[in-house]
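Observations on chain architecture
As a plain string of letters, each chain reads:
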Amino acid sequence: MTDVQHLAKLANLSPTPSLIQPLQSGVQTTLDYAKILGSVDVSHVGVTNEITGLINVLREDQIDQSRTFTQAQALQNAPKSHNGFFMVDAILE
Amino acid sequence: MTIEEAYKNIAQYQPIINALITLRDKNDALAELESADPQSPLYGVPYVMKDGYVTRGIRTTAASKMLDTFIPPYSATVYEKLKKAGAILIGKANMDAWGHGASTENTDYGVTKNPWDLSRVAGGSSGGSAAAVIAGMSQFAIGEDTGGSIRNPAGWTNITGLKVTYGRVSRYGAIAYASSFDTVGPMARSVAEVAQLLSIMAGVDPYDGTSSPEPVPDYVSFLNKDLSGTTIGMPIEMFSKGLNSEIYEAIKTAATEFSKLGFNIIDVSLPIAEIGLATYYLIAPSETSSNLARYDGVRYGGKRDLFTEETMRRIMIGTFALSSGYSDAYYHKAQKVRTILMQSYAKAFSQCDVLLMPVSPTVATKIGDLSSDPLASMMADLYTTTINQVGIPSLALPAGFSTEGLPIGMQLVGKKFDEATILAIGHQYQLKTDWHTRSPKL
């Protein structure tokens with residue numbers, strides 16, 4: 001049985017008390033279904049992270065002006081800003 | 001379809017089916033038409049995008065209150081390409097928030113109703129896109145498919161949708177769900193339209209390092225190519241337990257039609273739907289738990305308590321599967337089984353050129369049936385998720401109707417980067433059948 005309150009903390013989530021039980025059972029449903037993987041022999045295979053086969057996709061280290069934001073654009077969706085900076089919640093006492 | 005016709009149908013049907021989250025001001029759409037090139041291939045064609053693509057200056061929500069007021073400062077590559085081709089964006093379509101769902105019920109903007117039966121869902125996660133197309137609110141739509149999100153709603157609403165080979169179309173500007181599975185694809189009434197759209201959308205993009213340099217063929221001129229002798233394999237395990245009998249019969253009938261068209265039909269074995277569903281529901285949540293970690297409410301967006309229960313569930317599953325002490329048994333095990341999925345498809349494709357299979361185990365479900373049952377919601381993706389994990393293309397197209405009058409979809413699955421063959425087979429089928437021309441009475 002997984003502890004969703006611990007998982008919530010790891011995931012930076014704060015579900016309301018009424019969501020704890022549904023989340024507990026919802027997470028468990030998927031993890032129970034995943035038990036069928038236990039019967040699959042993977043001793044002879046490696047992992048697949050991605051399927052493109054592309055390696056070392058690089059670009060020149062040049063500024064692409066069409067992709068740069070002005071300070072105003074960068075801040076336009078910020079919930080809180082001050083003097084042209086993002087404002088973050090204090091983390092120190 | 002003209003822009004005027006689209007707006008007229010939106011005024012009439014949007015209040016009934018709720019396909020769109022944001023409707024663009026008609027004057028803005030018409031102003032854009034003024035500056036478009038009349039010689040461009042999609043000049044003046046109205047379309048909608050799933051609201052999971054950023055569109056500069058046009059609100060983009062991913063169907064989450066987290067982004068309720070988000071105005072993107074840049075645009076997705078696919079949007080730029082379509083704009084250049086003369087197509088006019090008229091709205092942003094409803095979806096399951098962040099792509100998390102198969103029914104467009106996990107949205108903060110109200111469920112999208114299925115135009116064939118308003119008590120049912122339109123599928124998901126690109127449900128609003130599919131509903132808008134079949135209701136005539138839009139000539140075509142751009143959906144996004146991570147585990148079936150284009151194909152499932154296409155199948156449940158009687159439209160044609162293409163899940164492309166991973167990397168065929170740039171993902172730049174697509175709000176990430178599971179980055180190693182996410183694909184950008186077209187949805188329309190016919191295969192011919194889908195092929196034309198793919199020709200415009202496909203190609204390498206310097207802004208997406210996973211986009212492929214593979215050359216883009218002329219999909220449209222390939223549509224009528226003589227492909228007789230091509231072998232279509234039907235995976236026997238995908239036509240066994242759990243599949244609705246009417247869907248089974250409809251696809252068997254379609255198979256007969258394919259053989260009349262000159263294709264060889266054979267049985268193949270692909271016993272991976274269940275294990276593939278399990279790996280999908282470990283890997284996709286793992287990737288989404290990482291992708292959605294960026295929503296910290298500092299640079300844009302609201303607080304994390306705005307995620308829905310379903311989204312929190314997926315983030316938590318991923319967090320668990322990646323966590324120290326469990327990642328070997330869950331995430332890494334799933335990645336190894338992903339390798340086995342690839343080997344299984346390779347084996348099937350050694351016997352045939354294309355696979356024919358159902359899109360979904362059932363017809364469109366009643367509103368509430370999937371959102372109240374996580375296991376049922378997972379099972380809706382039974383036949384679609386392995387294709388994303390292997391990265392191959394799949395075309396969903398209409399195959400008939402149930403006795404209740406609900407659409408039935410089928411998938412033609414191709415080899416990597418062989419969209420041309422599945423599109424041609426689908427097109428040749430649509431020349432001989434009329435399922436795809438049928439519309440709901442709204």
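Conventions used here
Residues numbered from 1 in each chain as written. Chains lettered and ligands numbered in written order. Predicted model: local features only at pLDDT ≥ 70, side-chain atom pairs only at ≥ 80, totals over all residues. Heavy atoms only, no water. Salt bridge = Lys/Arg side-chain N within 4 Å of Asp/Glu carboxyl O. Helix = DSSP H or I, 4+ residues; strand = E, 2+ residues; numbered from the N terminus. Buried < 20%, exposed > 50% of the residue type's maximum accessible area, 1.4 Å probe, protein only. Contact = heavy atoms within 4.5 Å. Buried area = accessible area lost by both parts, 1.4 Å probe. Polar contact = N/O pair within 3.5 Å; in protein donor to acceptor, adjacent residues only side chain to side chain. Nonpolar A, V, L, I, M, F, W, Y, C, P; charged D, E, K, R; others polar.

**What about the pattern of salt bridges?**
Within this structure, the stated rule accounts for 19 salt bridges over all chains. A salt bridge links Glu144 of chain B to Lys50 of chain B, with the nearest nitrogen and oxygen atoms 3.5 Å apart. Here Glu144 of chain B, found in strand 6 (residues 140-145), pairs with Lys50 of chain B, found in strand 2 (residues 46-50); they are 94 residues apart in sequence, far enough to count as distant. One exposure class covers both Glu144 of chain B and Lys50 of chain B, and it is buried. Among the salt bridges present, the one from Arg314 of chain B reaches Glu310 of chain B, with a minimum N-O distance of 2.7 Å. In this pair, Arg314 of chain B and Glu310 of chain B both sit in helix 10 (residues 309-322), four residues apart, roughly one turn of the helix. Each member of the pair Arg314 of chain B and Glu310 of chain B is classed as buried. Through salt bridges with shared partners, a single network forms among Lys80 and Asp89 of chain A together with Lys303 of chain B.

**Looking at the interface of chain B and chain A**
Counting residues at the interface gives 58 residues for chain B, matched by 48 residues for chain A. Taking both sides of the interface into account, the surface hidden between chain B and chain A amounts to around 4600 Å²; carbon and sulfur atoms contribute 70%. Between chain B and chain A we count one salt bridge in total. The shortest N-O distance in the salt bridge between Lys303 of chain B and Asp89 of chain A comes to 3.4 Å. Our enumeration of links across chain B and chain A arrives at 20 residue pairs in polar contact (both at pLDDT 80 or more). Among the secondary structure elements, those contributing two or more residues to the side of chain B that touches chain A are helix 9 (273-291), helix 10, helix 11 (328-349), helix 12 (374-379) and helix 13 (385-390) of chain B. Ranked by the residues each element gives to the side of chain B that touches chain A, the list is headed by helix 11 of chain B, at twelve residues. Split into classes, the residues belonging to the side of chain B that touches chain A amount to 32 nonpolar, 15 polar and eleven charged.

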